[in-house]
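Listed here are the chains, written in short residue letters.
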Amino acid sequence: MPGEVICRGDEIIAVGSGSATAGPEGSAGFHERELDSATRVDATGCTVMPGLIDAHCHLTFDEPRSNDELFFHRDHTLAALATAHHLPKLLMAGVTSVADPDTIFRMGPAIRDAVEAGWIEGPRITTGVAALLTAVGGTAGRLIPDEGEVGYAEVVRTTDEMVLATRRQIKEGADFVKIHATGSIPTRSGELQVWTRQEMRVVCDTAHDLGVPVAAHCRNASSTRDAALAGVDIIYHASFMDEEALEAVVESGADLCPVFTFLSNLCDHGPEVGAGTNMVDVFRGEIAATAEMVRRAHDAGVRLLCGSESGFVLTPYGHWHAREVELFVEHLDLSPLEAIRCATANNAHAVHAADELGVLSVGRRADVLVVQGDVASDVSLLGDRRNLRAVLSRGVPVDLQRAWPTRDPLPGSRVGNWAERPLTWDLVNP
Ligand SMILES: [Zn+2]
């Protein structure tokens, strides 16, 4: 790890040991050099590393407590404002780039462009438009209609509609197209494959012809196998792979983004925030089974991406982006540096900037973190914002001293519960 990085504008122009130019004792951070207008990142006693990239973050979801809230209790204007409210939190947590697979009200490209044009503050964004679902639905079960759009979902019923929807999303500015390859049917356990391999291939061929990659949500073995065989570029979750699925992934060259954080947060901390505990054993089993096969994929040369699934009530913005790095160490038995590389150099591929981001070297973009302590020996340092000494985004220091963004509720902006349990007569008359 270098001790010093020098940037000019949004470009790294020098990387060195820093011994010759180290700042005052104990200091770390950015110093403007008046002579040449370069920004010097001095990291005495700290780790200097590339900005974190989150390969799976739902920027427009606004931390919903339920699918019902996410799909049916959102207002277009407020959703955009909420997204703008949350985005600075990512920068304050050291996340300088994100891939967002699907957005409500198709707002992804507009949010991305507004950040890029300086209208609102946020990390670099690579975005989808809406998730493509078959009429069987996705993870929201029967809340998904047979046709049309709701929330982040765009239902496609025929291969003709798949072609049309893919082209339309790309016209709107999609950086990638997302398929919801598995979904849940309330009477069946787990998620079922709800796209055929042929249907996925139609989307992949259409998108690839226009130079756009495809991602797929796959929470079982057959969907992971078929997504790989159909040409999907990024497979999210990749749960419960079997030998066939593993072989297909290895041969296809697809990237895997397993997403342990959401499940782990629910298992480890759900009860503290009133989450149901009935799925804890199931999710722990999913983590263990998935981790074993993802590790084997890694050993076979598959690129692993690191994504937190931030954007839900169990994964609020700015809090858990680095936990996936820790979980890669814990469950995949990667070294801290290997796991950090997943969240930086590997994830740079997920945001289509493999030559520009994810590595500190001359000529790369100036997204830089300075973390107190040695993250190579203790990766959990990354998850505690108090350890961030400095964050440089596009060559500009992020204000880490300001108060964490908060807001008061607006009337009707949240779903209110009358009660958590039925008020039965027996309950009050024991
Ligand atoms: Zn997701």
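Nothing here was measured: the structure is a model prediction, and the numbers come from that model.

Trainee: Can you walk me through the sheet that holds strand β8 (residues 124-127) in this structure?
Mentor: Judged by pairing direction, the sheet is parallel, and its three strands sit side by side in the order β6-β7-β8 without closing on themselves. Looking at strand neighbours, the two that pair on one side only are β6 (52-54) and β8, the edges of this open sheet. Here the strands of the sheet are splayed against their neighbours by 15° on average, with no regard to which way each runs. For strand β7 (residues 95-100) and β8, the ladder comprises four bridges, and the chain directions are parallel. Bridge pairing in β8 places D100 opposite T127.

Trainee: Quick question: what am I supposed to make of the nonpolar core here?
Mentor: Note on soluble globular proteins: their nonpolar side chains tend to be buried together. Within the largest apolar cluster, 123 residues are counted, with the highest numbers of intra-cluster contacts made by A216, V232, I235 and L256. A domain-level breakdown of this core finds at least three residues from each of domain 1 (1-50 + 358-402) and domain 2 (52-357). Apart from the residues lying within four places of it in its own chain, the contact partners of V232 are M200, C204, V214, A215, A216, A227 and A254.

Trainee: Please clarify how the domain arrangement of the protein should be interpreted in this entry.
Mentor: Quoted interface sizes are often the accessible area lost when the parts come together. When cut into domains, the protein gives domain 1 (1-50 + 358-402) and domain 2 (52-357). Taking only C-alpha atoms, the centre of domain 1 and the centre of domain 2 are 30 Å apart. Those elements that place two or more of their residues in the side of domain 1 that touches domain 2 are β5 (46-50) and β19 (388-393). In terms of residue count, the dominant contributor to the side of domain 1 that touches domain 2 is β19 (three residues). Of the residues contributing to the side of domain 1 that touches domain 2, the split by class is twelve nonpolar, five polar and four charged.

Trainee: Please clarify how the pairing of β7 should be interpreted in this entry.
Mentor: Looking along a regular strand, one sees the side chains alternate between the two faces of the sheet. Extensive coverage of β7 is indicated by the burial of six of its six residues. In terms of strand pairing, β6 meets β7 through three bridges, oriented parallel. Bridge pairing in β7 links L52 to V95. Regarding the hand of the β-α-β motif, the stretch spanning β7, helix α3 (residues 108-116) and β8 is right-handed.

Trainee: Help me understand the pairing of strand β2 (residues 11-16) in this model?
Mentor: Here strand β1 (residues 4-8) pairs with β2 via five bridges, running antiparallel. Residue pairing across strands places V5 opposite V15, the latter belonging to β2. Counted along the chain from β1 to the antiparallel partner β2, the turn is two residues long, and its residue G9 has a positive phi close to 60°.

Trainee: How do you make sense of the packing of helix α10 (residues 323-332) against helix α11 (residues 336-350) when you look at a structure like this?
Mentor: In helix packing, the relevant descriptors are the interaxial angle and the interaxial distance, both defined with respect to the helix axes. Between α10 and α11, whose axes approach to 9 Å, the crossing angle comes to 135°. Accordingly, the angle class assigned to the pair α10 and α11 is oblique. Of the two possible hands of crossing, α10 and α11 adopt the one that is right-handed. Residues V325, F328 and V329 of α10 pack against P336, A339, I340, C342 and A343 of α11.

Definitions and cut-offs
Counting from 1, residues in each chain are numbered in the order their sequence is written. The model is predicted, so local features are restricted to residues of pLDDT at least 70 and side-chain atom pairs to those at 80 or more, both for listing and for counting; the totals for chains, interfaces and linings are taken over all residues. Any two strands between which DSSP finds at least two bridges are classified as paired. In this text, helices come from DSSP runs of H or I with a minimum length of four residues, and strands from runs of E with a minimum of two, each type numbered from the N-terminal end. The convention used is that axes are lines fitted to C-alpha atoms, helices contributing only their stretch in contact, and that angles between N-to-C directions extend from 0 to 180 degrees. Joined through C-beta atoms within 7 Å, a set of buried Ala, Val, Leu, Ile, Met, Phe, Trp, Tyr and Cys residues constitutes a nonpolar core. Residues are called buried when their C-beta atom has 20 or more other C-beta atoms within 10 Å, exposed when it has 12 or fewer, and partly exposed otherwise; all C-beta atoms are positioned from the backbone. Delimitation of the domains relies on an automatic or database domain assignment. Contacts are defined on C-beta atoms placed from the backbone: any two residues whose C-beta positions lie within 7 Å are in contact. Polar here means any residue other than Ala, Val, Leu, Ile, Met, Phe, Trp, Tyr, Cys and Pro, which are nonpolar, and Asp, Glu, Lys and Arg, which are charged; Gly is therefore polar. Throughout, right-handed denotes a crossover for which the path from the first strand over the helix to the second runs clockwise when the strands point away from the viewer. Just so you know how the angles are binned, under 35 degrees is roughly parallel, over 145 roughly antiparallel, 65 to 115 roughly perpendicular, and the rest oblique. Two helices that cross are described as forming a left-handed crossing if the nearer one is turned anticlockwise from the farther one by less than a right angle, and a right-handed crossing if clockwise.

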